[in-house]
Amino acid sequence: MQIRTSTKNLRLTRKKHKLPAFAFTSRLLTALFLILPLSATAQPPVATNALTQQVIKSGMLACAGRVNQVSSYLSNNSQMGAVVFTPPAQPDHRLFSVSMGLSAKGTPPAYASMSFAPNQANGCGAAYDVVAYWPQGCEAVAKKYFKGFQSRRSLPQNIHVLENRSTIRVFLMPAGEGCVSIKKEVVL
């Protein structure tokens, strides 16, 4: 793992270790981050990832556990790169954001944006969006990858909104012959 830090950014890259016996399982687990919700009650892993360690070094302690929880969930078994937008002052008391690029064999590349707000009722509020392009049409994507979600409404420009519980939405938008999915979750 490599970490490069500038005044306001962190660039993190992790090279994927190939485990042939677990290749199918790894691809399946990586695909799940696009589909399944992050449990609000999930415990962060005992070990912290490199992104979390950098957040701690930058003085953003109040949200370190939530950063570890969300980033570990989203980057599970995939190659990733991240940029941290560090607050210029009082980093432990201000909103901050992380952008991640995710890539794993057998799944479409995805962009994830995470926002963390310290000093909330739950200690640290968080929200994330995962954006991916699928070569299938939106109807096929909804049926295959978002089975537990129900269509509730549409936004202008043919953007369909799927829901499966109060804190998760999936927005499906036609793009050429394919579909762009935007999964959004507010982690309470």
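Everything below is about the structure printed above this text.
All values derive from a computational prediction rather than experimental measurement. (Residues numbered from 1 in each chain as written. Predicted model: local features only at pLDDT ≥ 70, side-chain atom pairs only at ≥ 80, totals over all residues. Heavy atoms only, no water.)

Chemist: I tried to follow the pattern of salt bridges on my own but got confused; where do I start?
Modeler: Pairing is possible between side chains that carry opposite charge, provided their charged atoms lie close to one another. Summed over all chains, the structure comprises five salt bridges. Between aspartate 129 and lysine 184 there is a salt bridge whose closest N-O contact spans 3.3 Å. Pair noted here: aspartate 129 is in strand 6 (residues 123–134) and lysine 184 is in strand 10 (residues 178–187), with a separation of 55 residues, a long-range link. For arginine 153, the salt bridge is made with glutamate 163, and the minimal N-O distance between the two is 3.7 Å. (Salt bridge = Lys/Arg side-chain N within 4 Å of Asp/Glu carboxyl O. Helix = DSSP H or I, 4+ residues; strand = E, 2+ residues; numbered from the N terminus.)

Chemist: Explain the pairing of strand 9 (residues 168–175) to me, please; I cannot follow it from the model alone.
Modeler: On a regular strand, each side chain points to the face opposite its neighbour's, so the side chains alternate between the two faces of the sheet. The pairing of strand 8 (residues 159–165) with strand 9 spans five bridges and is antiparallel. In the sheet register, arginine 165 faces strand 9, and the bridge partner there is isoleucine 168. Hairpin geometry of strand 8 and strand 9 is characterised by an intervening segment of two residues between the two adjacent antiparallel strands. Sheet analysis places strand 9 next to strand 10, joined by eight bridges and oriented antiparallel. Across the sheet, valine 170 pairs through a bridge with lysine 183, a residue of strand 10. Between strand 9 and strand 10, which follow one another and run antiparallel, lie two residues, and glycine 176 among them has a positive phi close to 65 degrees. (Pairing = 2+ DSSP bridges.)

Chemist: Is there a simple way to explain the packing of aromatic side chains in this structure?
Modeler: Both the distance between ring centres and the angle between the ring planes are used here to describe each pair of aromatic rings. Evaluation of the coordinates by the stated rule reveals four aromatic pairs. Ring plane angle 90 degrees and centroid distance 5.5 Å describe the contact between phenylalanine 146 and phenylalanine 149, whose orientation is recorded as edge-to-face. An identical accessibility class is assigned to phenylalanine 146 and phenylalanine 149; each is buried. (Phe/Tyr/Trp six-rings, centres within 6.5 Å; stacked < 30°, edge-to-face > 60°. Buried < 20%, exposed > 50% of the residue type's maximum accessible area, 1.4 Å probe, protein only.)

Chemist: Explain unusual backbone geometry to me, please; I cannot follow it from the model alone.
Modeler: One non-glycine residue, asparagine 119, lies in positive phi territory at about 65 degrees. Examined against the element boundaries, asparagine 119 turns out to sit in strand 5 (residues 110–120). Even without glycine at this site, glutamine 157 takes up a positive phi of about 70 degrees. Along the chain, glutamine 157 falls in the loop between strand 7 (150–155) and strand 8.

Chemist: Just to check I follow, could you spell out the state of the cysteines for this structure?
Modeler: Two cysteines form a disulfide when their sulfur atoms are joined by a covalent bond. Following the criterion strictly, the structure yields two disulfides and no others. Between the sulfur of cysteine 63 and that of cysteine 124 lies a disulfide, 2.1 Å long from S to S. With the S-S bond torsion at 105 degrees, the cross-link from cysteine 63 to cysteine 124 turns out right-handed. Taken together, the residues span a long stretch of sequence, with cysteine 63 in the loop between helix 2 (50–57) and helix 3 (64–75) and cysteine 124 in strand 6 at a distance of 61 residues. Of the two residues, cysteine 63 and cysteine 124, neither departs from the other in class, the shared state being buried. Note on cysteine connectivity: cysteine 138 is disulfide-linked to cysteine 179, with sulfurs 2.2 Å apart. Of note, the bridge from cysteine 138 to cysteine 179 carries an S-S torsion of about 100 degrees and is right-handed in sense. Of this pair, cysteine 138 sits in helix 4 (residues 138–145) while cysteine 179 is found in strand 10, placing the two residues 41 residues apart along the sequence. The burial state of cysteine 138 is the same as that of cysteine 179; both residues are buried. (Disulfide = S-S within 2.5 Å.)

Chemist: Honestly, the nonpolar core in this entry has me stumped. Any pointers?
Modeler: One recurring pattern in soluble globular proteins is that nonpolar side chains are buried together. In this structure, Leu74, Val98, Met100, Met114, Phe116 and Leu172 are the most contacted members of the largest nonpolar core, which totals 37 residues. It is strand 6 that contributes the most residues to this core, six residues altogether. The residues touching methionine 114, leaving out its near neighbours within four places in the chain, are Leu51, Val70, Ser71, Leu74, Phe96, Ser97, Val98, Met100, Ala127 and Tyr128. (Core = buried A, V, L, I, M, F, W, Y, C linked by side-chain atoms within 4.5 Å. Contact = heavy atoms within 4.5 Å.)

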